[in-house]
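Residue-level structure breakdown
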Amino acid sequence: MKFLAELEAHLRIEFPGYPAENTLNAEVCPPGQKGDFTLNCFKIARFCGNPVAAAKAVGDFLAAHEEIEAVETVKAFVNVTLKSGALMRETRVADVDALLASVALPKEQCDKVLIEYSAPNTNKPQHLGHVRNNTLGMSLASLLKRVGHEVVEINLVNDRGIHICKSMLAYKLFGNGETPESTGIKGDHLVGNYYVKFNSELSAELKALRAARPDTAGKSDEELFGDTKLGAAAQKMLRDWEAGDPEVRALWQKMNSWVFAGFAVTYERMGIHFDHTYLESQTYLLGKDIVQRGLDAGVFTRRADNAVVCDLGKLGAKVVLRSDGTSVYITQDMGTTLRKYEDYSPDAMIWVVGDEQNLHFQMLFTIMKRLGYAWADKLFHLSYGMVNLPNGKMKSREGTVVDADDLFDEMSSLAATACRDRADGTLADDEIRKRGEIIGIGALKFMLLKFNPKTTMTFDPAASLKFEGDTGTYVQYAATRIRSMQRKAVERGLLDGAVDWELLGHATEKSLAVKLGFYPCVLQAAAAKRDCSGIVEYLLGVAKDFNAFYRECPVLNAPSAELARARLALAESAGRILTDGLRTLTISVPDAM
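**A short note on the side chain of asparagine 155**
- Looking at the element boundaries, asparagine 155 is found in strand β6 (residues 150–157).
- Within the structure, the side chain of asparagine 155 is placed 3.0 Å from the side chain of tyrosine 267, a separation counted as a polar contact.
- Dropping the residues within four chain positions of it, asparagine 155 is found in contact with Tyr117, Ser118, Ala119, Pro120, Tyr267, Phe274, His276, Thr277 and Tyr278.

**What to know about the packing of aromatic side chains**
- Per the counting criterion, the structure on display carries 21 aromatic pairs.
- Ring centres of tryptophan 351 and phenylalanine 365 lie 5.3 Å apart, and the angle between their planes is 45°; this geometry places the pair in the tilted category. Separated by 14 residues along the polypeptide, tryptophan 351 in strand β11 (residues 348–354) and phenylalanine 365 in helix α16 (residues 358–370) bring together distant segments of the chain. For the pair formed by tryptophan 351 and phenylalanine 365, the shared burial category is buried.
- Ring pairing ties together the aromatic residues Tyr117, Phe260, Phe263, Tyr267 and Phe274, which thus form one cluster.
- It is arginine 249 that lies over the ring of tryptophan 241; its NZ or CZ is 3.9 Å from the centre.
- The aromatic ring of phenylalanine 467 is capped on one face by arginine 422, whose charged end is 4.1 Å from the ring centroid.

**Observations regarding the pairing of strand β2 (residues 37–40)**
- Of the two faces of β2, the one carrying Phe37 and Leu39 and the one carrying Thr38 and Asn40 are both buried.
- Relative to β2, strand β1 (residues 26–28) runs antiparallel, the two being bridged by 3 bridges. Across the sheet, glutamate 27 pairs through a bridge with threonine 38, a residue of β2.

**Regarding the sheet that holds strand β5 (residues 112–116)**
- Here we have 5 strands laid out as an open sheet, ordered β7-β6-β5-β11-β12, and parallel in their pairing. Edge positions in the sheet fall to β7 (276–279) and β12 (379–384), since each of these pairs with one other strand and no more. Across the sheet, the axes of successive neighbouring strands diverge by a mean angle of 25°, strand direction being ignored.

**Some remarks on the packing of helix α7 (residues 162–174) against helix α9 (residues 187–212)**
- Packing of α7 against α9 brings their axes to within 8 Å, and their N-to-C directions diverge by 85°. The angle between α7 and α9 places the two elements in the roughly perpendicular class. Of α9, the residues touching α7 (which contributes His163, Lys166, Ser167, Leu169, Ala170, Tyr171 and Phe174) are Val191, Tyr194, Tyr195, Lys197, Phe198, Asn199 and Glu201.
- Among the residues forming the contact of α7 with α9, the class breakdown is 8 nonpolar, 3 polar and 3 charged.

**Observations regarding helix α17 (residues 404–423)**
- Over its 20 residues, α17 extends 28 Å from the first C-alpha to the last, a length consistent with the 28 Å expected when each residue adds 1.5 Å.
- Within the span of α17, buried status applies to Ala404, Asp405, Leu407, Phe408, Met411, Ser412, Ala415, Ala416, Cys419 and Ala423. Projected down its long axis, α17 shows its buried positions confined to an angular sector of 165°, all on one face.
- Close packing links the buried residues of α17 with α6 (128–146), α9, α12 (246–270) and α18 (429–449).
- Phi turns positive one or two residues past the end of α17, at aspartate 424, with a value near 55°.

**Re the sheet that holds strand β3 (residues 68–74)**
- The antiparallel open sheet is built from 4 strands, whose spatial order is β1-β2-β4-β3. The sheet is open, and its two edges are formed by β1 and β3, each paired on a single side. Ignoring strand direction, the axes of neighbouring strands in this sheet form an average angle of 35°.
- On top of the sheet, helix α3 (residues 51–63) reaches β2, β3 and β4 (77–82); it is set at about 165° to β3, its chief contact.

**A few points about the confidence of the model for the protein**
- Per-residue pLDDT for the protein has a mean of 94; in total, 98% of the residues score no lower than 70.
- In this model, residues 392–399 is a region of pLDDT below 50 whose contacts with residues beyond four sequence positions or in other chains number 21 contacts.

**Quick notes on α12**
- Compared with the 36 Å implied by 1.5 Å per residue over 25 residues, the 36 Å span of α12 between its first and last C-alpha is a close match.
- Along α12, the positions that sit buried rather than exposed are Val248, Leu251, Trp252, Met255, Asn256, Trp258, Val259, Gly262, Phe263, Thr266, Tyr267 and Met270.
- For α12, the N-terminal capping position is held by aspartate 245, with its side-chain oxygen 3.1 Å away from the main-chain nitrogen of glutamate 247.
- Taken from the residues just after α12, glycine 271 is the one with a positive phi, measuring 85°.

**Some words on the packing of α17 against α18**
- Following both chains from N to C, one finds α17 and α18 inclined at 125°, their axes separated by 7 Å at the closest point. By the angle between their directions, the pair α17 and α18 is classed as oblique. Between α17 and α18 lies a crossing whose hand is right-handed. Between α17, through Leu407, Phe408, Met411, Ser412, Ala415, Ala416, Cys419 and Arg420, and α18, the contact on the second element is made entirely by Asp429, Ile432, Arg433, Arg435, Gly436, Glu437, Ile439, Gly440, Ile441, Ala443 and Leu444.
- Partitioned by chemical class, the residues of the contact of α17 with α18 number 11 nonpolar, 3 polar and 5 charged.

**Let's talk about unusual backbone geometry**
- Here serine 118, not a glycine, exhibits a phi torsion of approximately 80°, which is positive.
- Taking the relative accessible area as the measure of exposure, serine 118 reaches 3% and is therefore buried.
- A positive phi is found at asparagine 176, a non-glycine position, where the angle reads about 55°.
- Mapped onto the elements of the fold, asparagine 176 is located in the loop between α7 and α8 (180–183).

**Let's talk about a nonpolar patch on the surface**
- On the surface, a nonpolar cluster with roughly 240 Å² of combined accessible area is contributed by Phe42, Val74 and Phe77.
- Examined against the element boundaries, phenylalanine 42 turns out to sit in the loop between β2 and α2 (45–48).
- You can call phenylalanine 42 partly exposed: its relative accessible area is 48%.

**Examining the environment of glutamate 153**
- The residue glutamate 153 is located in strand β6 in this model.
- Taking the C-alpha atoms as reference, glutamate 153 lies 6.1 Å from leucine 114; in sequence the two are 39 residues apart.
- Setting aside its immediate chain neighbours within four residues, glutamate 153 contacts Ile115, Tyr117, Met138, Ala141, Lys145, His273, Phe274, Asp275 and His276.
- Polar side-chain contacts of glutamate 153 include one of 2.8 Å to the side chain of lysine 145.

Conventions adopted
Once a new chain begins, its residue numbering starts again from 1 and follows that chain's sequence as written. Where local features are concerned, this predicted model is filtered to residues with pLDDT of at least 70; where side-chain atom pairs are given and counted, the filter is 80 or more; whole-chain, interface and lining totals use all residues. To get the side-chain values, take all heavy atoms of the structure and skip hydrogens and water. Strands are runs of DSSP state E lasting at least 2 residues, helices are runs of H or I lasting at least 4, and numbering of each runs from the N terminus. Between N or O atoms, a polar contact is any pair within 3.5 Å; within protein, one atom must be a potential hydrogen donor and the other a potential acceptor, and residues adjacent in sequence are included only when both atoms are from side chains. A contact between two residues is defined here by any heavy atoms of the two lying within 4.5 Å. Stacked, tilted and edge-to-face are the three classes applied to pairs of Phe, Tyr and Trp rings, where Trp contributes its six-membered ring and a pair requires centres within 6.5 Å; stacked means planes under 30 degrees apart, edge-to-face means over 60, and tilted covers the rest. Burial classes: relative accessible area under 20% of the type maximum marks a residue as buried, over 50% as exposed, and values in between as partly exposed (1.4 Å probe, protein chains only). Comment: the charge-over-ring label is applied if NZ (Lys) or CZ (Arg) is within 6 Å of the ring centre and within 35 degrees of the ring normal. Note: two strands are recorded as paired if DSSP finds a minimum of 2 bridges between them. To obtain each axis, a line is fitted to C-alpha atoms, and for helices this fit is confined to the stretch in contact; angles are then taken between N-to-C directions over 0 to 180 degrees. Roughly parallel covers angles under 35 degrees, roughly antiparallel covers those over 145, roughly perpendicular covers 65 to 115, and oblique covers all other angles. Gly falls in the polar group here, along with every residue not listed as nonpolar (Ala, Val, Leu, Ile, Met, Phe, Trp, Tyr, Cys, Pro) or charged (Asp, Glu, Lys, Arg). Between the first and last residue of a helix there are one fewer steps than residues, each counted as 1.5 Å, and that sum is the expected span. Directions are taken from the helix axis to each C-beta atom, and the arc is the one they span. The pLDDT score gives, residue by residue, the confidence of the prediction method on a 0 to 100 scale. Less than a right angle of anticlockwise turn of the near helix away from the far helix marks a crossing as left-handed, whereas a clockwise turn marks it as right-handed. Excluding any residue in a salt bridge, patches collect residues exceeding 30% relative accessible area, merging like charges within 9 Å and nonpolar Val, Leu, Ile, Met, Phe, Trp and Tyr side chains within 5 Å. Here the accessible surface of atoms and residues is derived via Shrake-Rupley with a 1.4 Å probe, and residues count as covered only by protein chains that are part of the display. Salt bridge criterion: a side-chain nitrogen from Lys or Arg within 4 Å of a carboxyl oxygen from Asp or Glu.

In structure tokens form, the structure reads like this:
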């Protein structure tokens, strides 16, 4: 801000020890106090003698500044009220292009960031938990790009293992050759049905086994898995897959192709496009060479039973190779982490994975550091909590999950119904469906991003679509209202002529302008924290401030054309920031609602 730069130049003359770099930041004035901004003089107290002396020096200079309307000193804080035109210039609301451009960080502060998210299994469709993961991953990637970082979006699909064989075996036993085409069922849903079928049949077999064998008392289902016909057959199928059995591999490829086709539809609907997809079937053997290097370097030790272990101190001891020489998950992750670095040479890597894997990633990152990889200091786990529906938790094997596609359909349908009710028969069905999709998916994403990722949350579809309240629909509606206002202004010729920003002195006009001016800071802070919830909170605040301005200050019916033009310009700045902010969260805005 100009007045801040001039203030600090003055303070360097007034106080010789004042630092060359700018130290003061303008913050929003606290509620109940007069001013557009407040300056915290505790930050410069040591350069100016004490906080009171610092506040007096700041207040005295600003009181004589030509752009300042009023100054109020409250202990070590100085509240500043700018003249209307100066406020619009200082917040850059009068030049919204410059305001939006200033979101980007200087090039020297930008990194190449690899972010891995989604990571579904090919034995079932994606569900609500995946939707939260996808939303967190894609929005963080979008945010990092928005502030100037180069971002590589990665998916690592778990397409092998015993859980995949469960679906395959159930299909082989009960499928009768049906296909997505013959049934009209989306491929990932069809395969998921057989995962549920396997577990249903296995449950019945376990029940019969326990009734027939007293020695099973006290044993878990997992311990008895291999004693069942289905469990033993699934284990044999996995061994056959690993041995490259042609028949098993052909079935695996066919069913995986169905799932990938289904995933593609889900990702397209969310707006997700990965730069690279790794497959666990191609990476699960990676990492063994790293284990050997770790043994040679003394990072790992071999136990008496031949297993290889890493002592991680307070984190515990971690097996990185079983006694039979086979890999564990962390072995594969060590290998894929190195593979991703070799493929893309990122400055930082981020994994979006649920909080049940917190310890796993702490161990992985510690091991990579101990192995001497210099870049291992820039590995980050974006941990997130579970998301539930009002009726409780979900369980894949029991078929009680909420499929992503079904959730999208419900959100789109609810939003379309609301649009139809508001349109009162004036919109074609295709337009209603189009708006319903944009509003419904947007409301879903907005609500999933509303909370800090670590929060375990409950998602209520109907509540997330309210036009009033802390919802994405509320923010979208504010943006579309501004677009509608602009269209009407063009029809009336109200936009012809220069904008006189000095006319905007109403409290709600100034409050909105101040809020808009902090947009770059909000995005940059969110990117630094790797948490989009701050953007959600900010956009809700902008929408509320705009609506207060809209209620208090007639725009199209302002007392004069000049005032209408100025208010329209302020509204346009608000609309562009709302739209840019939603777009940064990967949420679209319909033309009208």
